[in-house]
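In case you want the letters, here they are:
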Amino acid sequence: MNYNVNENGYYGDFGGAYIPEMLYPNVEELRQNYIKVMQEPEFQEEFHELLREYVGRPTPLYFAKRFSEKYGTKVYLKREDLCHTGAHKVNNTIGQILMAKRLGKTRIIAETGAGQHGVATATVCALMGLECIVYMGAVDIKRQAPNVARMKMLGAKVVPAESGSKTLKDATNEAIRDWINNPTDTHYIIGSVVGPHPYPDMVARFQSVISEEVKKQLVEKEGRENPDYVVACVGGGSNAAGIYYHYLDNPNVGIIAVEAAGKGIDSGESAATSALGKEGIIHGSKTLLMQTPDGQITEPYSISAGLDYPGVGPMHAHLFRSGRGEFISITDDAAMQAGLELSKLEGIIPAIETSHALAIFKDRKFKKDDVVVINLSGRGDKDLNTYIEYFNLA
Ligand SMILES: *Cc1c(COP(=O)(O)O)cnc(C)c1O
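For the structure given in this document, a descriptive report is provided here. These figures come from a predicted structure and were not determined experimentally.

## Focus on the overall build of the protein chain
Next up, step 1: Each helix and strand counted, the protein chain has 16 helices and 14 strands in total.
Next up, step 2: What you see for the protein chain is a C-alpha radius of gyration of 19 Å, in line with the 21 Å of a compact globule of 394 residues.
Next up, step 3: Dimensions of the protein chain along its principal axes, counting C-alpha atoms only, are 55 × 45 × 40 Å.
Next up, step 4: Across the 394 residues that make up the protein chain, the buried fraction comes to 59%.
Next up, step 5: Considering only intrachain contacts with a sequence separation of at least 6, the fraction spanning at least 24 residues in the protein chain is 73%.
Next up, step 6: Counting only carbon and sulfur atoms, one obtains 50% of the accessible surface of the protein chain, whose full area is about 15,900 Å².
Next up, step 7: Within the protein chain, one finds 41 positive and 49 negative side-chain charges whose respective centroids are separated by 3 Å.

Structure below.
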């Protein structure tokens, strides 16, 4: 079986481009050009130079000695938390801003929920001197004041979405409306492996630098390219796609995807899409989606804003349905404990999204000689207030 995208933009039964006719020219322009542009030597050179000089890549592959001892297996952490802006998201926004420039675009739009993708987008727009408009739900603007301030400092215009629940999906609707109205000069930077084809594939290719580096780094440390397992948390699925990418078709490498169970899968407050989702269409893509019996999208919940998404990207829906990926869901409480544990054992405070991936070791046992690589997708600075309240650290 093939786990990558096919020429029609599908991963198995999932993917495609389910878009209004008005959006067709924009998406089609991107579809016809993205691979051609990405394969240009000058594009590759500029992309990798920025990843090296601006983002700080390659990020270390760190052997977590004390954590490994505790769980009786060999655990490596891929340190995406050390990227400029504190997470993997910037790998994608660097790639897309270069793509936008190659396509002659002068205006960048994005949507953001917690603000992390908005900040990563505003950062690269400042770097390139391009106009940046970030749509954000009015409720989220109130909840995420520090990230709103960051975006403003970076020169972005933050536009509140006042419709519906005034959160991420409403911001996405506003961004799509803007793109329809500005088809020629505007590029829409989507922040994960979601949205209509070619976005999931394009974002996965930009993030694939993560597993490209792991292959080289593991040869140095273990004398082999392939770990026994790669593990990542899944919101939309971009950090996971990045660490799975070069191992997708290698059956000797186990793929583990970790979703947010929130207060418990059956609590009604969860974001465990593989456990609860049914086939449906969200943001222009056919995928697994949490929905009511009549097809309305269910509000997801997780303590971590980055996992609080009602769907997953089509690659992950296919990994789940085909059985290639092992899906595990982790509650808020288990994730918070795992974040505290990594801080104490390794001196690394992880983002709460990442803490979900770290929490699997309590129940999922590995062999002593297994090499398990976890994508440490981001650092915990942005989550300090949540950690403070949860553990009463003040
Ligand atoms: C946004 C975010 C995620 C979730 O997004 P994916 O597209 O699933 O990777 C995970 N970790 C961190 C640190 C994030 O900022």
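From this point, things continue past the structure.
## Observations concerning the packing of aromatic side chains
Next up, step 1: By the definition in use, this model includes 14 aromatic pairs.
Next up, step 2: With a centroid separation of 5.3 Å and an interplanar angle of 55°, the aromatic rings of F47 and F206 are classed as tilted. Linking F47 in helix α2 (residues 41–55) with F206 in helix α9 (residues 199–207), this pair joins segments that are 159 residues apart in sequence. This pair shows no difference in class: F47 is buried, exactly as F206 is.
Next up, step 3: Taken together, the ring pairs in this structure connect F67, Y71, Y229, F361 and F366 into an aromatic cluster.
Next up, step 4: Over the aromatic face of F366 sits the side chain of R364, whose NZ or CZ is 4.5 Å from the ring centroid.

Procedures and definitions
- Residues numbered from 1 in each chain as written.
- Predicted model: local features only at pLDDT ≥ 70, side-chain atom pairs only at ≥ 80, totals over all residues.
- Heavy atoms only, no water.
- Helix = DSSP H or I, 4+ residues; strand = E, 2+ residues; numbered from the N terminus.
- Rg over C-alpha atoms; globule rule 2.2 N^0.38 Å.
- Buried < 20%, exposed > 50% of the residue type's maximum accessible area, 1.4 Å probe, protein only.
- Contact = heavy atoms within 4.5 Å.
- Areas by Shrake-Rupley, 256 points an atom, 1.4 Å probe, with all protein chains shown as cover.
- Lys, Arg positive; Asp, Glu negative; His and termini not counted.
- Charge placed at Lys NZ, Arg CZ, Asp CG, Glu CD.
- Phe/Tyr/Trp six-rings, centres within 6.5 Å; stacked < 30°, edge-to-face > 60°.
- Lys NZ or Arg CZ within 6 Å of the ring centre and 35° of its normal.

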